[in-house]
Amino acid sequence: MTGNVPSVRPGRWTGPALAAPAVLLLLVFAYWPVLRSAWLSVHGSDLLGRPTRFVGLGNIAQLVLDGALRSVLLTTVVMAVTSTALATTAAVLAALLLRRAAQRARGVVALILSLPFAYSAAAASATFAGLLAPSSGVADRLLAAAGLTGPGWLTEPAWAVAAVAVTTAWYEFGFAFLVMLAAVGQLDPAPLEAAALDGAGEWRTNAAIILPALRSSILFVVVTQTISGLQIFTQVAVLTGGGPGSSTHTLVYELYQRAFGGGLPQYGLASALGLLLLVLVGVVSAAQLRLGRER
Amino acid sequence: MSAPASTPAPTSSHRRPHRHRSLLAALTIGATALTGACATSSGAPSAASTRALASAGPVTITLWHGLGGAAGEAFTKVVQDYNDTNTDQITVNAIYQGSYEDALAKYAAAARDGSTPDVMLTNDITTGYMHDLGQSVPAGDLAAANPGSLDLDQLQPAARNYYTVEDQLLAVPFNTSMPLLYVNTDLLSRAGVDTSTLTTMSGMDAAARRVAQALPGTKGVVQPSAGGWWFEQMTAAAGEAYCSPDNGRTGDGASSVSLTGTTQQQAFATMAGLGRDGVALQVGDDADAALNAFVSGQVAMMFNSSGAIGGLTKAGMQNYTALPLPLSGPEDSSGPLIGGGALWVSGENHSEVQQAASWNLISYLSSAPVQEQFAQASGYVPVNTQVASSSTRQAYLASNPAAAAAASELAEAPVTTATAGCLTGALPTIRKTVLADLSQALAGQGDLAAALAQAEQDATQDVVDYRAQAGK
Amino acid sequence: MVRASTTSTSRALLRPRPLDSALRWTGLATLVLVVAGPVYLTVATALLSPADVAAGRLLPDPRHLTLANIRDALASIPLGRQYLTSVAVTALQATAQVVLGAMAAYALVFPAWRGRGLVFALLIGTLAIPGETTVLSNYELVTGLGLRDTVIAVALPFLAAAYPVFLLRQAFADLPREVWEAATLDGAGHLRTLTSVILPMARPQVITAALWSALAAWNGYFWPLLITDSPQNRTVQVGLSQLVASESATPGVVYAGTLLVLAPTLLLVLLGQRFLVNGLASRAS
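Predicted, not measured: the structure shown is a model, and the values here were computed from it. (Residues numbered from 1 in each chain as written. Chains lettered and ligands numbered in written order. Predicted model: local features only at pLDDT ≥ 70, side-chain atom pairs only at ≥ 80, totals over all residues. Heavy atoms only, no water.)

Take the overall build of chain B next. Regarding its fold elements, chain B presents 20 helices and 15 strands. Contacts in chain B between residues at least 24 apart in sequence constitute 78% of all its contacts with a sequence separation of at least 6. For chain B, the exposed area adds up to about 18,700 Å²; of that, 52% sits on carbon and sulfur atoms. (Helix = DSSP H or I, 4+ residues; strand = E, 2+ residues; numbered from the N terminus. Contact = heavy atoms within 4.5 Å. Areas by Shrake-Rupley, 256 points an atom, 1.4 Å probe, with all protein chains shown as cover.)

Structure, rendered in structure tokens:
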């Protein structure tokens, strides 16, 4: 149809109008909170958490000066690094092993290995909580049936931190595996065939050709998992409740405790923790961009 | 010295002068008109409360609590009974909000957006915070405004003492627990210890050492440091105030913590000595481990709350007695602190009718038959003095000597500033601080005096920070 | 290095050697055990009686399967009501994110307007803002609106999200522009163009975006925990954590609850994997 039908050219406001709802919502619920956090972090709190007098960098200084908060940061980093290392290594290994596996088995195994992806953090934590519960948990029952006693999975600080890290690694493995599987599936077959013709063994091919080709996917997985690791909350809340003592307090868990945990609400300090998280995530994201560009 | 909570205004009509009846009527009508105009008052309720309640239609009130387990079930039943007997007027919606900590966090959140429950059941250490929040109507005022309801004199004086500030009762204690010294009678008799010597800390110390010496492999005593309650208990048993001035009950509240009083330090030193000499069993803050050790005969004496009686009964232990907390200060001014929780009525954003209905519920919950029923089902100690005269109660106590010991300890506790306990909103924080600073020293490791001085400094800083946050 | 002759040698090289195979399958079996172990545990323990679990007998014996744990889980927390809450939140959040995201993506690709690049940067910039940094302010806002402890409060801060915008923008940009121009020339309004022309052409990516949004909404824990109190307004994830707290002595009941909460996402992973993987591929690039 041509001729006299008027065309609906986009007016000046079509674009803005269509984008406006999303933009406005994100301004209110994503950007404004960052500003508000900055405001709250330089003020004290009253008994109900409302901001009171200006305290300057007092809250932020406490993040560095308070030993308890420093160990919270350390715990968070340890958990993030450990879980990321475990999950990424396992995912890359699984994808590489499956690459040359027999066709029928590969589908089944891939399906099984992607099951953790169906778990939410809460479901994964519930699973490991039931596994590691002291004496009534499945692990302790199995050990008892064999006449052994296990360590205090959730009652000793080192084991508790490990339990949270392993739960996180298991839960994140699903996602990491799916990414690596997709990446391996999209590899350019030409260099691989050439290498096979040259007589290169599977693992030489893996090391020399595949891993470099997977670099950006591996980087992506490492970065997203590190960021998730820095945000660990649910696993702590469900598995250990921050305990024993406060040995499994992560950054976000500490934020939650300070603001909503039942003691005196400290919104100023909690906001400072939120800003610290933002900075850490920013640093990790920036590192991804830098490393991603160096090719 | 601190006088007991204020008594309600005299209710007997013979006090009213007959010849001024018409003037009084005019004044009352005027007062009713005034209070009717201010529907959402947050100040002290007037004498028209009861009348307002009577003329209002059906009222629904909400109650939040943190009682789980057996106590929670017993509480639910009691509230259900209230609803069943009140079908044409007051209905109570009691909601379990998780632990006491969770419940208080929700309460603070609700205070921000004005959606607090009508009644809040919260634990002892939050008393200072609740008081400073200013959201609640003092129980004393409510009792005065509702003549014929709960007679505050019927509440155990020692329990009222805990919740009283400057002669006014803030909240009504509901589920009360007492600190006890449980002793294994078999082990003590084998070691040749006379239980009548266990009324003092020094007697307890001697007995513990005797047991450890006479029965190798058995420890003398265990005191789980869970929550830091015992530091406060030992201080009250030494007849000294935990915080000053006046345990935080005068002026605008506590401004410092004291851990270095003479008798107080001696009490701490006694426990530390037992730890250092290997006479005391160390379980850290694990109260369950302490209970298990006591049941299995690993330790002859155990400091624990009256709530442990249930655990001991469940474990089937027979050969034990419960004794009151050993004292280290003068008998007339030293004693135990109560534990447990109390009921607070919200005033902000709650009408007089709601407040009156809440008070009606609290009167019911504090009445002798309900306290007796609840205490028996939950293991807490009844807070109403009239319970003691009930024949069913006497029969129960005859077959439950441990419960009898807890009840008589409450009834006989002296009512002084020291035994009122420390009132400050910083108390939960202080407990954690003191526990962290002192747990090693009280187990006998390191320099006790230095640890106490450090703990005192840190705890006082907590109070100072709290005062800043509370805007004092 | 001497080039081996092509046919027979290369075929021999391409045939997997027995040692390779054994190592591979050992490795894979270990991984499968570690990964699938907890999954098996969830299902098996949920369906076995507490006595069996207590004795350590975890192999499925059809005579011993029981639904008692599931019954106990449903009695312990109002899981049914929480399911409805979760479904409502997920539907609301996913729909809003996809609809608003599609609108924004359309605006960013087709009509030319000033500030288009800035708005795109603004939207994508939110990907760098972790949710926990926004929590306190959102809490103040939502509470201030009087919406604390309501179902809508759970979805409200997440009605718009950057990832669907990102995904759909890429999808729309890959479509031939002539289609759009033809549609607008025909006199269709922009919304009509979006719904009847553009979206159907980008259907796989729309489904991917919807699935990712739904998954995120279903799995959310921190915000729902914070903004709701009453058991009936809580989502299944929060309810599950309460089940863990109250039933820690009977793992069977905990696992039964876990199974009930997992059912939808398990189905999703088993049936919708293709779409999810598509979404992953575009994120990784």
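As a further point, take the packing of helix H7 (residues 157-185) of chain A against helix H10 (residues 215-230) of chain A. To characterise two packed helices, one gives the angle between the axes of the helices and the distance between these axes. Residue and element names in this part refer to chain A. Here H7 crosses H10 at 165 degrees, and the two axes come no closer than 10 Å. The orientation of H7 with respect to H10, classified from their angle, is roughly antiparallel. Regarding H7 and H10, the two cross each other, and that crossing is right-handed. Counting all contacts with H7, which are made through Glu172, Phe175, Ala176, Val179, Met180 and Ala183, the residues of H10 involved are Ser217, Ile218, Phe220, Val221, Thr224, Gln225 and Ser228. (Axes fitted to C-alpha atoms, helices over the stretch in contact; angles between N-to-C directions. Parallel < 35°, antiparallel > 145°, perpendicular 65-115°, else oblique. Left-handed = near helix turned anticlockwise from the far one by under 90°.)

A separate point is the state of the cysteines. Residue and element names in this part refer to chain B. Scanning the model with the defined rule gives one disulfide over all chains in all. Here Cys243 engages in a disulfide with Cys422; their sulfurs sit 2.0 Å apart. One quick way to see it: the torsion about the S-S bond of Cys243 and Cys422 is about 115 degrees, and its sign makes the bridge right-handed. Pair noted here: Cys243 is in strand E10 (residues 243-244) and Cys422 is in the loop between helix H18 (417-420) and helix H19 (427-442), with a separation of 179 residues, a long-range link. Owing to a relative accessible area of 6%, Cys422 belongs among the buried residues under this scheme. (Disulfide = S-S within 2.5 Å. Buried < 20%, exposed > 50% of the residue type's maximum accessible area, 1.4 Å probe, protein only.)

This part takes up the sheet that holds strand E9 (residues 219-222) of chain B. Residue and element names in this part refer to chain B. Strand order in this open sheet of five strands is E12-E9-E13-E8-E14, and the pairing throughout is mixed. Because the sheet does not close on itself, it has two edges, and the strands there are strand E12 (280-281) and strand E14 (320-324). Sheet topology note: the strand E8 (residues 179-184)/E14 ladder contains five bridges and is antiparallel. Its bridge partner lying in E14, Leu181 is registered against Leu323. (Pairing = 2+ DSSP bridges.)

Residues and elements named next belong to chain B. Within helix H15 (residues 368-378), burial applies to Ala368, Val370, Gln371, Glu372, Phe374, Ala375 and Ser378. Check the buried side of H15 and you find it contacts helix H3 (69-85), strand E7 (172-177), helix H14 (352-366) and helix H16 (391-399). Taken from the residues just after H15, Gly379 is the one with a positive phi, measuring 90 degrees.

For the coordinates displayed, the defined rule picks out 14 salt bridges over all chains. The closest approach of N and O atoms between C:Asp229 and C:Arg148, which form a salt bridge, is 2.7 Å. Here C:Asp229, found in the loop between helix H13 (222-227) and helix H14 (236-246), pairs with C:Arg148, found in the loop between helix H7 (131-144) and helix H8 (151-155); they are 81 residues apart in sequence, far enough to count as distant. The class of C:Asp229 is buried, set by a relative accessible area of 11%. A network of salt bridges, in which partner residues are shared, links A:Arg36, B:Arg112 and C:Glu140. (Salt bridge = Lys/Arg side-chain N within 4 Å of Asp/Glu carboxyl O.)

All names here are of chain C. Splitting chain C by domain gives domain 1 (17-66) and domain 2 (79-284). Between domain 1 and domain 2, the C-alpha centre-to-centre distance is 34 Å. If you look at the interface, domain 1 gives six residues, while domain 2 gives six residues. Between domain 1 and domain 2, roughly 530 Å² of surface is buried when both sides are summed, and carbon and sulfur atoms account for 86% of that area. Contact with domain 2 buries area across many residues of domain 1, yet Thr42, Thr45 and Ala46 alone supply 64% of it, more than any other trio. Counting the contacts that link domain 1 with domain 2 gives zero salt bridges. Summed over the shared surface of domain 1 and domain 2, the result is zero residue pairs in polar contact (both at pLDDT 80 or more). Here the side of domain 1 that touches domain 2 is composed, by residue class, of four nonpolar, two polar and no charged. (Domains from an automatic or database assignment. Buried area = accessible area lost by both parts, 1.4 Å probe. Polar contact = N/O pair within 3.5 Å; in protein donor to acceptor, adjacent residues only side chain to side chain. Nonpolar A, V, L, I, M, F, W, Y, C, P; charged D, E, K, R; others polar.)

On to the nonpolar core. Formed by 165 residues in total, the largest nonpolar core has its most connected members in A:Leu113, A:Phe260 and C:Phe172. Each of domain 1 (17-66) and domain 2 (79-284) of chain C accounts for three or more of the residues forming this core. Every residue in contact with C:Phe172, bar those within four places of it in the chain, is listed here: C:Ala102, C:Ala105, C:Tyr106, C:Val109, C:Phe110, C:Leu194, C:Ile198, C:Leu199 and C:Ala202. The next biggest cluster of nonpolar side chains, apart from the first, holds 142 residues, and it includes B:Trp64, B:Ile125, B:Leu150 and B:Leu187. (Core = buried A, V, L, I, M, F, W, Y, C linked by side-chain atoms within 4.5 Å.)

All names here are of chain B. For strand E3 (residues 119-123), the tally of buried residues reaches five of five residues, placing the bulk of the element in the interior. Here E3 shows two buried faces, one formed by Val119, Leu121 and Asn123 and the other by Met120 and Thr122. The pairing of strand E1 (residues 59-65) with E3 spans two bridges and is classified as parallel. Bridging from a neighbouring strand, Leu63 pairs with Val119 of E3.

What follows concerns the packing of aromatic side chains. On inspection of all chains with the given rule, the structure shows 32 aromatic pairs over all chains. Relative to A:Trp170, the ring of A:Tyr119 lies with its centre 4.9 Å away and its plane at 85 degrees, an arrangement referred to as edge-to-face. Of this pair, A:Tyr119 sits in the loop between helix H4 (103-113) and helix H5 (121-132) while A:Trp170 sits in helix H7; the two residues are 51 residues apart in sequence, bridging distant segments of the chain. Residue A:Trp170 is classed as buried on the basis of its relative accessible area of 6%. For the pair A:Trp153 and A:Trp159, a centre-to-centre distance of 5.3 Å together with 85 degrees between the ring planes defines the contact as edge-to-face. A:Trp159 sits in the partly exposed class, given a relative accessible area of 36%. In textbook terms, an aromatic cluster arises when at least three aromatic residues are bridged by ring pairs, as seen for A:Phe233, A:Tyr253, A:Tyr256, A:Phe260, A:Tyr267, C:Tyr139, C:Tyr221 and C:Phe222. Over the aromatic face of C:Phe120 sits the side chain of C:Arg169, whose NZ or CZ is 4.1 Å from the ring centroid. (Phe/Tyr/Trp six-rings, centres within 6.5 Å; stacked < 30°, edge-to-face > 60°. Lys NZ or Arg CZ within 6 Å of the ring centre and 35° of its normal.)

This part is about the pairing of E8(B). Residue and element names in this part refer to chain B. Among the six residues that make up E8, six are buried, leaving the element largely enclosed by the rest of the structure. Residues of E8 alternate between two faces, with Pro179, Leu181 and Val183 on one and Leu180, Tyr182 and Asn184 on the opposite face, all of them buried. As paired elements, E8 and strand E13 (residues 299-305) share five bridges and run antiparallel to each other. In the strand pairing of E13, Val183 is matched with Met301.

Before going further, it helps to examine the environment of C:Ile227. Residues and elements named next belong to chain C. Secondary-structure assignment places Ile227 in helix H13. Ile227 gets classed as buried once you look at its relative accessible area, which sits at 0%. Among residues more than four places away in sequence, those in contact with Ile227 are Tyr139, Val142, Thr143, Arg148, Asp149, Ala153 and Val154.

Residue and element names in this part refer to chain C. One can describe the packing of helix H5 (residues 79-109) onto helix H9 (residues 162-174) by two numbers: an axis separation of 8 Å at closest approach and a directional angle of 45 degrees. As judged from the angle between their axes, H5 and H9 are oblique. Crossing of H5 over H9 shows right-handed handedness. Contact residues: Gln97, Val98, Gly101, Ala102, Ala104, Ala105, Tyr106, Leu108 and Val109 in H5; Pro164, Val165, Leu168, Arg169, Phe172 and Ala173 in H9.

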